[in-house]
Amino acid sequence: IPDACTLESLLPTWPEQDHSPLFKSVAICATTSLLREDPEATPTRVFLGGYAASAPSVSLIEDLVKSCGVDARESKTLATKIQKACVDFNVGGAGRSGHILQIFMKRHLVDKYA
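Residues numbered from 1 in each chain as written. Predicted model: local features only at pLDDT ≥ 70, side-chain atom pairs only at ≥ 80, totals over all residues. Heavy atoms only, no water.

Chemist: Tell me about the pattern of salt bridges, residues and numbers included.
Modeler: Using the criterion set out here, one finds three salt bridges in the structure. Put simply, Glu-62 and Lys-66 hold a salt bridge, and the shortest N to O gap is 3.9 Å. Of the two residues, Glu-62 and Lys-66 both sit in helix α4 (residues 58-67), four residues apart, roughly one turn of that helix. What makes Lys-66 partly exposed here is its relative accessible area of 35%. Where Lys-66 meets Asp-63, a salt bridge forms, and the shortest distance between an N and an O atom there is 3.8 Å. In this pair, Lys-66 and Asp-63 are both assigned in helix α4, three residues apart and thus about one turn of the helix distant. Accessibility expressed as a relative area gives 43% for Asp-63, which makes it partly exposed. (Salt bridge = Lys/Arg side-chain N within 4 Å of Asp/Glu carboxyl O. Helix = DSSP H or I, 4+ residues; strand = E, 2+ residues; numbered from the N terminus. Buried < 20%, exposed > 50% of the residue type's maximum accessible area, 1.4 Å probe, protein only.)

Chemist: How would you summarise helix α5 (residues 72-88) if you had to cite specific residues and measurements?
Modeler: Since the α-helix turns once every 3.6 residues, residues separated by three or four places project in the same direction. A rise of 1.5 Å per residue sets the reference length of α5, with its 17 residues, at 24 Å; its end C-alpha atoms lie 24 Å apart and thus fit the reference within 8%. Along α5, the residues classified as buried are Ser-75, Ala-79, Ile-82 and Cys-86. Buried residues in α5, looked at end-on, bunch into an arc of 65 degrees, giving them a common side. Among the exposed residues of α5, those pointing more than 90 degrees away from its buried face are Arg-73, Lys-76, Lys-81 and Val-87. As for α5, its buried residues are in contact with α4. The distance from a side-chain oxygen at the start of α5 to the backbone nitrogen of Arg-73 is 3.1 Å, and the residue carrying that oxygen is Asp-71. (Expected span 1.5 Å × (residues − 1). Arc of directions from axis to C-beta. Contact = heavy atoms within 4.5 Å. Polar contact = N/O pair within 3.5 Å; in protein donor to acceptor, adjacent residues only side chain to side chain.)

Chemist: Any chance you could break down the confidence of the model for the protein chain for me, citing the residues and the numbers?
Modeler: Looking at the protein chain, pLDDT values average 77 and 79% of them are 70 or higher. Considering each helix and strand of the protein chain separately, the mean pLDDT is smallest for helix α6 (residues 107-113), with a value of 72, and largest for α5, with 88. (pLDDT = per-residue confidence, 0-100.)

Chemist: Could you give an account of the nonpolar core, naming the residues involved and the relevant values?
Modeler: Within the largest apolar cluster, five residues are counted, these being Leu-7, Leu-11, Trp-14, Phe-23 and Ala-27. With residues up to four places along the chain from it excluded, the contact list for Leu-7 reads Ile-1, Trp-14, Phe-23, Val-26 and Ala-27. (Core = buried A, V, L, I, M, F, W, Y, C linked by side-chain atoms within 4.5 Å.)

In structure tokens, the structure reads:
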């Protein structure tokens, strides 16, 4: 699955939608705005109550940061640090609320990857 547009066209055919292992192997659930209405989890509505999906793999995070222009060697280190920070701070953990992992990317990449 090369990009978000292709994934979006396939998603309706999967009974599990974004819970599908195939989805999780290539995608991270995301919202592109903190304030704008979102189809599933608008941050202004779910932030304090908490909202979590399964954690993305290090390789998926690595591929994402590489696609944003980080070189291959640095992307592996950065992806590991991102995942470790999430574990250290219990981002998405049970009983905790108010955590949002932000990944910043150039605007021209948003439509392709988000």
